[in-house]
Every structure is written in structure tokens, then in C-alpha cells.
Amino acid sequence: QVIVKSMGCVILAPLLNEVVKKAKGLDQYQAAITHLTRTCRPNELLDCMLEIIEGIDPGAISETILALLPHLQSLLRLDEGKAACVGSTLSALQKQLSRLPVPYTEQQEEADEYGLCRCSAALTVFTEPFVEVVKRTDGNCAATAEDEELKIELLKCMRSLREPLLEAELKHDRRSPLWLFAVEIMVTLSAIKEPLPELLFFSSLRKNILMDNNQFKEARACLAYLLFVQLITIDNFPAVFHVFILQCNMEYISQLLSKKESHLLKGLALFTKSLERVQDNSLPVSLLDLKSFYSNLRRVLTDCPIQHLRESGLQVFQVFINKLDAEAKHKFFCMLKTSNHAGIESYIIKNIRNQFELSMKWGNANEWFLGTEFISLMTLVLCLPQGAQTDLLSSMDIMESLNLLRYVLIRDEELRTNEDVWEELCRIKEEYLKMLRVCISISRAYYSSELKALREDQKLKAKARDAARPTKLVKSITVRKEKVSNMSPEVQHQVLQSALVTFDLMESLIVRIEEITEE
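Note that the structure is a prediction, hence the values are computed from the model and not measured.

> What is the right way to read a nonpolar patch on the surface from this model?
Together, Ile3, Met7, Val10 and Ile11 line one region of the surface with nonpolar side chains, adding up to about 440 Å² of accessible area. Residue position: valine 10 is located in the loop between helix H1 (2–7) and helix H2 (12–20).

Here it is, written out as C-alpha cells:
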């Protein structure tokens, strides 16, 4: 017995290897490990177990953890100075779990090939008795320093919010193993009476949870997502000041929107839910000084290669616009009209029209979309950045600009009451249309000559198919970041023909605008 107590730790690893390999006599090996946990010196045995965890073979992570966890739990429950030991054990376990691939689909979760789901469930069971200890002593005047330390060590469960939960697809209606793991972590935070507002909005690294600042921020970003999007333990959160919560969440939203796809989805969802709680037309212009409110979202709209994320981003973009008050909308439109991105500028012009139309209705008039401030917006809209050299093919917001001008002239009753405003609008219109006609004329001549050259080249090739003459046409034309010269002759023909049709549409709109002005 003395020999086993003093030296039994050295046979733990070989015994565990047999358990992992599911060798014959598995029950005997398990019984032997159980005997060691009751006989050996706890500190020495714990150090041995932690060494085994640190040195786990990458192909046996889940099997080793699942085999060790019950014995680790038994050992720690016998240990008097358990707080620090629980913390070091949680850190070692989570470090290994972060190495396991995260399942993304329902089929992958059901198969659980690498054991992450099983290990997450086992980790929840492992922490339960220690959470119960904190719950029993919480609020008790006789709670010891050891109990407080155990509460702080249990906060290390937040590491799992960053890895693997931030990577996982979590849906309330699916109730996957990782979803249940997320629920258990949130319940644990509530059970140990850790205030969620303090963790989210006023937290610091004073609590030793072994994460650097960036990792801690990502863990809290996942916490905010679970709380406000998935509504896990939302009843424990006193959500009263919705604008304040939106401002605080922007830190996490920006963090998520600057990452990969799984993070982007959570960031967009958190942004949407944070905005939905805010009353329409209520966000003040001062918030636009916080670049985080639009810079990362704009990056998603313009640079993200994944279509469904761009579409989701556009929906959030519109919700954000709806929440701004009139002055903030005006400033926001001015900022993004200079974004040098035709898609965003076109979308902004549609919103300017909507606000102008709303202001024309009885009881909704405001200075930002009717008076002199509206003229400042129209100055930005009715502008050709490169003058007569503007590339009309890539600046497709021009059609939206013309449509807005036509609509404003049709609904001119309010504007005509202010003679100065009306005269300034007419002056801007005349200068814009004059320059646009010149630009259309130059562009039409250029595209027509390119189309003619392309047709002639195709005729020559048809006559002499054996003469390998590479097409060296339309070199400088680019459509949606792709050079037309890299396209097949048939596609080149379609692009050039479509450009000429677009110029015709622009010119017909100009004629209609001039007719309205004369009337």
C-alpha cells in the first residue's frame, strides 16, 4: 500500500493508454485508475494527469479526455485546496479541446468524428459539483476565500465561448450538442452569480481567466451573441437603456465583422438584434462620430466575396439607416455618397428619395430633406467625379441620380415656395445635365468604335480561320473588376451593346427631365 501511495502515479499513463485503446479487461483498468485516485497523493496524481493532458497525441484527444474526466472530478472533489487545481485543470482541458475541428453541419455534429461534442458534454458534467459548491456558499457570510477563488476559477469556462463556440453554428431550433454546451456555460455564469452587465460592459482582466485582451474580447463577443441573439438567460439581464447597449455591443460587433464567415454571421445577427431594440428615427448624429458604427459594415458590403453575407449586410445597413434621426441620416448619406462604390452610392440615393418623399407628407416636414440642407445632398448626388472623363459603365448610380432628380422636379411644390432653394437646385441640375451629355457623347463614340472594331475583327476571322490573330480590342474597359479584353468575343459584344443601351436610357431620362422643367 505504501509503494502504491508513493509510486502509483507512474502506472497511470500506461493504464490510461489501455483504456483509450479499449483493450480487453477495460473494467479492470478503470478500477485500477479509480483505486489510484483514492490511494495516491492527490497533488502528485493531479500533476501526473495534467502532464498526460498536455502531452495528448493529436489523434487521441477526445478519447483521452473522456477517459480522464470522471477520475479528475473524483480526485478534485477529495482535494482540500481545490480552487487553483480546478482552474489549472479547466485551462489544460480547454487548451486541448481548442485543437479539435469544429463540426459545422448537422450531419457532422451527429457523426461527431473528432469527439468535440462528447467532450463538451463531459466537461459540463465535470464542472457541475464545483458550481454547486459556489451556489451553496454564495450570499453566505461564512463564505471563505477559497470559495471566492473557486468562483473566479470557474470563470475559465468563458474560454470555451471563444473556442469552439465562436466557430460553431448555433441555432435555437436545432438544440445541437454545442448549443446545449453554450446554454450550460451561460447557466453556469448565472449560477455563480457573475453579473452579465459587468462581464460585458465593465469587465477587465482583473479576474485571472488566462486570456489576453483580444481573446477575452472575442469570448465576450460570443457571450453578447448568446445573450442578445439567442436570448439565453436574457431574463437575468436588465435591458433598459437600449441605445447604451447598442453602443457597448458595437465593440463586439466590430470585432466579429472583421473576422471570418462564422464570426461575420454572428456579428451581423448581433448588430441586427441590438438595432431592433432601438426606436426608429431616434439615434442621434453624435453616434456617427464612432466609426465602428459603419466602417466594418461597409467593408462587408464592398469587400466580402460571399453573396449571402453581403445580402445580410445590406439588410442590417437598411435597419441602421431606419434607426437614425433626420440629422443623422443626412450626415450619414453625405458620408457614404463619397464612398466611391457604385452599389452603396446607388442604395444611398434610393434612401435619399425615400426621405424626401416622407418629408413631403403632411406632418413629416423637416429641414434636412426639404430646405437648404437637402440642396447640399443634391450637390453630392448630381456630381460626376471625373467630369467628362467619368466611366459611366462603372458609375451605375448615375441612373439613380437621374431618377431622383426627375422625382424631385415632379414633386416640386414645397421646394418652389423657397425661391433661393429652387434656383440653386435648377443651377445644379443644369450644370450636371450639361456635363453628363458631354460624357455620354464621348462614351458612346468610344464604345461604338470598339464595337465596330470587334465586329470587323470577327468578320476577318471568319474569312481566314487558319490565321491566328489574337483579339487586341477594348483593352482599357473594365466591368465589375474584370477586364473586357479577358472575355470571349461574344461576351465582349454583349457588354459593349449593353453599354450603348444604357447610354440611350440615360439620354431618354435627361430628355424627360428637361420636359418636366419646361412644363
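That shown, we press on.
> Please clarify how the environment of serine 346 should be interpreted in this entry.
Along the chain, serine 346 falls in helix H19 (residues 342–360). Sequence-wise, serine 346 and methionine 399 are 53 residues apart; in three dimensions their C-alpha atoms are separated by 8.4 Å. Those residues within four positions of serine 346 in sequence are excluded, and the remaining contacts are Asp397 and Glu400.

> For this particular structure, what's the right way to read the nonpolar core?
Inside soluble globular proteins, nonpolar side chains tend to come together where they are buried. In terms of nonpolar packing, the biggest core is built from 164 residues, with Phe228 and Leu402 touching the most fellow members. No other element matches helix H23 (residues 419–463), which puts 13 residues into this core.

> What is the right way to read empty space enclosed by the protein from this model?
Per the counting criterion, the structure on display carries 3 cavities of 30 Å³ or more. Volume-wise, the largest cavity comes out at about 90 Å³. In terms of lining, the largest cavity is formed by Gln94, Leu123, Thr124, Thr127, Cys157, Ser160, Phe181, Glu184, Ile185 and Thr188. At the level of elements, helix H8 (116–137) and helix H11 (177–191) are the ones that each hand at least two residues to the lining of the largest cavity. Among the elements that line the lining of the largest cavity, the one with the most residues is H11, at 4 residues. Of the residues that constitute the lining of the largest cavity, the class distribution is 4 nonpolar, 5 polar and 1 charged.

> In this structure, what is going on with the pattern of salt bridges? I would like to understand it.
It is possible for side chains bearing opposite charge to pair when their charged atoms get close. Taken as a whole and assessed by the stated rule, the structure comprises 24 salt bridges. Taking the shortest distance from any N to any O, the salt bridge between aspartate 112 and arginine 118 comes out at 3.2 Å. For the salt bridge of arginine 512 with glutamate 515, the shortest nitrogen-to-oxygen distance reads 3.4 Å. Note that arginine 512 and glutamate 515 are positioned in helix H24 (residues 489–518) at a spacing of 3 residues, about one turn of the helix. The network of salt bridges with common partners includes Arg437, Arg444, Asp504, Glu507 and Glu514.

> What should I look at first to understand the layout of surface pockets in this one?
Empty space left among the atoms is revealed by rolling a probe the size of a water molecule over them. Of the voids in this model, the second largest pocket is the one considered here, and its volume is about 320 Å³. Along its surface, the second largest pocket is lined by 15 residues, and Glu169, Lys171, Tyr225, Leu265 and Lys266 are the ones closest to its centre. Class assignment of the residues belonging to the lining of the second largest pocket gives a composition of 7 nonpolar, 3 polar and 5 charged.

> Help me out: how do you make sense of the packing of H11 against helix H13 (residues 213–228) in this one?
Contact geometry of H11 with H13 gives a least axis separation of 11 Å together with a crossing angle of 95 degrees. In terms of their interaxial angle, H11 and H13 are classed as roughly perpendicular. The residues of H13 that touch H11, namely those facing Ala182, Met186 and Leu189, are Leu223, Leu226 and Leu227. Along the lines of polarity and charge, the residues of the contact of H11 with H13 split into 6 nonpolar, no polar and no charged.

Rules used in this analysis
- Residues numbered from 1 in each chain as written.
- Predicted model: local features only at pLDDT ≥ 70, side-chain atom pairs only at ≥ 80, totals over all residues.
- Heavy atoms only, no water.
- Patch = residues over 30% accessible without salt bridge, like charges linked within 9 Å, V, L, I, M, F, W, Y side chains within 5 Å.
- Areas by Shrake-Rupley, 256 points an atom, 1.4 Å probe, with all protein chains shown as cover.
- Salt bridge = Lys/Arg side-chain N within 4 Å of Asp/Glu carboxyl O.
- Helix = DSSP H or I, 4+ residues; strand = E, 2+ residues; numbered from the N terminus.
- Contact = heavy atoms within 4.5 Å.
- Core = buried A, V, L, I, M, F, W, Y, C linked by side-chain atoms within 4.5 Å.
- Buried < 20%, exposed > 50% of the residue type's maximum accessible area, 1.4 Å probe, protein only.
- 1 Å grid on protein atoms, 1.4 Å probe; cavity = no way out; pocket = protein on both sides within 12 Å on 5 of 7 lines; lining within 4 Å.
- Points joined across faces, edges and corners; volume = space filled by probe spheres on them.
- Nonpolar A, V, L, I, M, F, W, Y, C, P; charged D, E, K, R; others polar.
- Axes fitted to C-alpha atoms, helices over the stretch in contact; angles between N-to-C directions.
- Parallel < 35°, antiparallel > 145°, perpendicular 65-115°, else oblique.

The quantities given are spatial measurements derived from coordinates; they are silent on function.
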